[in-house]
Amino acid sequence: MAENKAKLISETRRRFEAEYVTDKPDKYDPRDVERLQQDDNWVENYLFWRHDVIDETLKMLDESFQWRKEIAVNDLTESSIPRWLFEIGGIYLHGYDKEGNKLFWIRVKYHIKDPKTILDKKKLIAFWLERYAKRENGKPVTVMFDLSETGINSIDMDFVRFIINCFKVYYPKYLSKIVIFDMPWIMNAAFKIVKSWLGPEAVSLLKFTSKNEVQDYVSAEYLPPHMGGTDPFKYSYPPLIDDDFQTPLCENGPIASEDETSSKEDIESDGKETLETISNEEQSALLKKINLTEPTSKAEENEKVDSKVKAFKKPLSVFKGPLLHISPAEELYFGSTESGEKKTLIVLTNVTKNIVAFKVRTTAPEKYRVKPSNSSCDPGASVDIVVSPHGGLTVSVQDRFLIMAAEMEQSSGTGPAELTQFWKEVPRNKVMEHRLRCHIVESSKPTTLTLKDGSFNVSDKTSEDMCLQLNRLLESNRKLEDQVQRCIWFQQLLLSLTVLSLAFVISFFYLLYS
């Protein structure tokens, strides 16, 4: 079987070069031709889609490669596409179906048929699919056609046909299924045409759903509320969402050589932060335990971090996931640049009966240090993760963090090598994911859990600001009281004048008729 596949791949390459490339070398992007000669998986995708019939595969390659050059797929970047198309959130990758396939969302209500913008929208589709294909070579996607709140202006059969061609010709073998949600009756006739474009084999991949059926294919954790799901995700741009997370973050920032153990400087600074939070008696006892000249074991490092951060825990919002409870639930708070960047804390609590492996991803791996970033948590235990900006780099509200977690077998080891192998083998649908945004606070807030110099002290500047705000509030209150008093005085004056006027009228009539 493998020999036969190798022969088919070799023959496809030879014939494509001889029959299509030799006579018209400028017909295709040279990078695509070169990749065809080097990437067996790419050739196999085309062969698979054409049932290993080489003649049909060659025609498909010809059409696909011409399109790739025409739309300049290899050179597509964010700057190639109008920013507003990213901002409206009509097309993006996010979440997974029950089989572990990536979800490719197409929110049809954001699409208005317009010949002037159709090329840019096609480029956006190609941008996301090419981006995904380079990262996950050969892994299929599930297309989520969300037709909720869709009107007649959104029906664009040319655009639908292009999307179908992407999977029929341009990105073969990448389609798992097309989940069509909440299709209006007015589109019934249109989708009969769509079925004819797909062909009999692909029609079986169409799944028409409503709120009652959509969870047959996608679990609630990856469905938005309007689909009956519980996914708190809200699309925003920039940055590019979801697929931008890099992993694993090394524990001492982006320098690869520091990935496994902490440097002596880190241990010293950690020791200083710890000593500032405890009494003199405890300091002397702790100094006897810490020997900076000896290597520190993982358990000892964890104990040291635990002792350092437990004094700073404050009530925070909690995300209650099936494997881990994560605090805070949505945002990591960092201090402003003016007040100096602060460390912040993520608390993970294992709520299962098994060991849970976890790792941290971020959209900006060059900026942050995370301790620990790739480790495990015992049943019922908690792990404190300290996040801090690396090398004085500035925190941005566009930066995001992703916590990934999966249950391990009781017999599995939890060393670096075992964890690396575990993450290579764990099925995607067994992985819990939770995202955290970054938030910069200008002054200390009661709900903010940050670490600066090992304490939660309110700065002098913050105290002055609070005093100024209090004074302004008191001044506003005094002015309000003055206005109320003036109103009362005016009402009394008006009442008095009314009584006098009434008395005058009565006296006048009394004199007139007496």
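Identification of the protein as Motile sperm domain-containing protein 2 from Pteropus alecto is taken from an unreviewed UniProt entry. Among the UniProt annotations of the protein, the heading Subcellular location (unreviewed entry) holds the following wording: "Endoplasmic reticulum membrane".

Caption draft 1: Representation of the pattern of salt bridges. Counted according to the given criterion, the structure contains 20 salt bridges. Of the charged contacts in the structure, one is a salt bridge between Lys27 and Asp62, with a shortest N-O distance of 3.0 Å. Note that Lys27 is positioned in the loop between helix H1 (2–21) and helix H2 (30–38) and Asp62 in helix H4 (residues 54–70), a separation of 35 residues in sequence. Lys27 gets classed as partly exposed once you look at its relative accessible area, which sits at 27%. For Asp62, a relative accessible area of 13% corresponds to the buried category. For Arg31, the salt bridge goes to Asp75, with nearest N and O atoms at 3.0 Å. You can see Arg31 sitting in helix H2 and its partner Asp75 sitting in the loop between H4 and helix H5 (83–88), a full 44 residues away along the chain.

Caption draft 2: Seen up close, the sheet that holds strand S1 (residues 91–96). Spatial strand order, S1-S2-S3-S4-S5: 5 strands in an open sheet with mixed pairing. The outermost strands of the open sheet, each flanked by one partner alone, are S1 and strand S5 (206–209). Sheet twist, expressed as the average angle between the axes of neighbouring strands with direction ignored, equals 25 degrees. Sheet analysis places strand S4 (residues 175–181) next to S5, joined by 4 bridges and oriented parallel. Pairing of Val179 across the sheet is with Lys207, part of S5. Contacts between helix H6 (residues 118–135) and the sheet are confined to S1, strand S2 (102–107) and strand S3 (141–146), with S1 contributing the most and set at about 35 degrees to the helix. Of the strands in this sheet, S1, S2, S3 and S4 are in contact with helix H7 (residues 157–170), which crosses S3 at around 170 degrees.

Here is what the cut-offs are and how they apply
- Residues numbered from 1 in each chain as written.
- Predicted model: local features only at pLDDT ≥ 70, side-chain atom pairs only at ≥ 80, totals over all residues.
- Heavy atoms only, no water.
- UniProt positions renumbered as here; feature names shortened; annotations may be inferred.
- Salt bridge = Lys/Arg side-chain N within 4 Å of Asp/Glu carboxyl O.
- Helix = DSSP H or I, 4+ residues; strand = E, 2+ residues; numbered from the N terminus.
- Buried < 20%, exposed > 50% of the residue type's maximum accessible area, 1.4 Å probe, protein only.
- Pairing = 2+ DSSP bridges.
- Axes fitted to C-alpha atoms, helices over the stretch in contact; angles between N-to-C directions.
- Contact = heavy atoms within 4.5 Å.

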